[in-house]
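Here is how the chains run, residue by residue.
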Amino acid sequence: EVIKLKTVSNEMAQFIIKARVEKNLKQSDLAKKSCLDIKTISEVERGGGIYNAGDINKIAKALGVNIPRK
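Each value, and the rule that gives it
- Residues numbered from 1 in each chain as written.
- Predicted model: local features only at pLDDT ≥ 70, side-chain atom pairs only at ≥ 80, totals over all residues.
- Heavy atoms only, no water.
- Helix = DSSP H or I, 4+ residues; strand = E, 2+ residues; numbered from the N terminus.
- Salt bridge = Lys/Arg side-chain N within 4 Å of Asp/Glu carboxyl O.
- Buried < 20%, exposed > 50% of the residue type's maximum accessible area, 1.4 Å probe, protein only.
- Polar contact = N/O pair within 3.5 Å; in protein donor to acceptor, adjacent residues only side chain to side chain.

> Got a minute to help me understand the environment of I56 in this structure?
Looking at the secondary structure, you find I56 in helix α4 (residues 53–63). Linking I56 and E43, residues 13 residues apart in sequence, is a C-alpha distance of 12 Å.

> Looking at this structure, how should I read the pattern of salt bridges?
Where side chains of opposite charge bring their charged atoms close, a pairing between them can arise. Under the definition given, this model contains three salt bridges. When the shortest N-O distance is used, the salt bridge between R20 and E45 registers 2.6 Å. Residue R20 is located in helix α1 (residues 10–22), and its partner E45 is located in helix α3 (residues 38–46); the two are separated by 25 residues in the primary sequence. For the pair R20 and E45, a shared accessibility class is recorded, and that class is buried. One salt bridge in this structure joins E43 and K39, with 3.2 Å as the shortest N-O distance. One end of the pair, E43, and the other, K39, are both in helix α3, four residues apart, so they sit about a helical turn from each other. Accessibility expressed as a relative area gives 55% for K39, which makes it exposed.

> Is there a simple way to think about the environment of D29 in this case?
On the secondary structure map, D29 appears in helix α2 (residues 27–34). Overall, D29 belongs to the partly exposed group, its relative accessible area being 24%. Separated by 33 residues in the primary sequence, D29 and A62 place their C-alpha atoms 9.8 Å from one another. Within polar-contact distance, the side chain of D29 engages the backbone nitrogen of K26 at 2.9 Å.

Here's what the structure looks like:
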């Protein structure tokens, strides 16, 4: 049996990148603000990485946005 893990959609990744750039933040800045690894931020922004609701919530809070989840 194959278990399909939920991944970060490209739409979600693009939304996060756009929100970060609008706030003039580098990935490292967002990593610090959201208490996540820069590696995690990079994986989320690339899209296709394993979806982790906790990480997405931390990113949303750090950016002050509601991230659309599709």
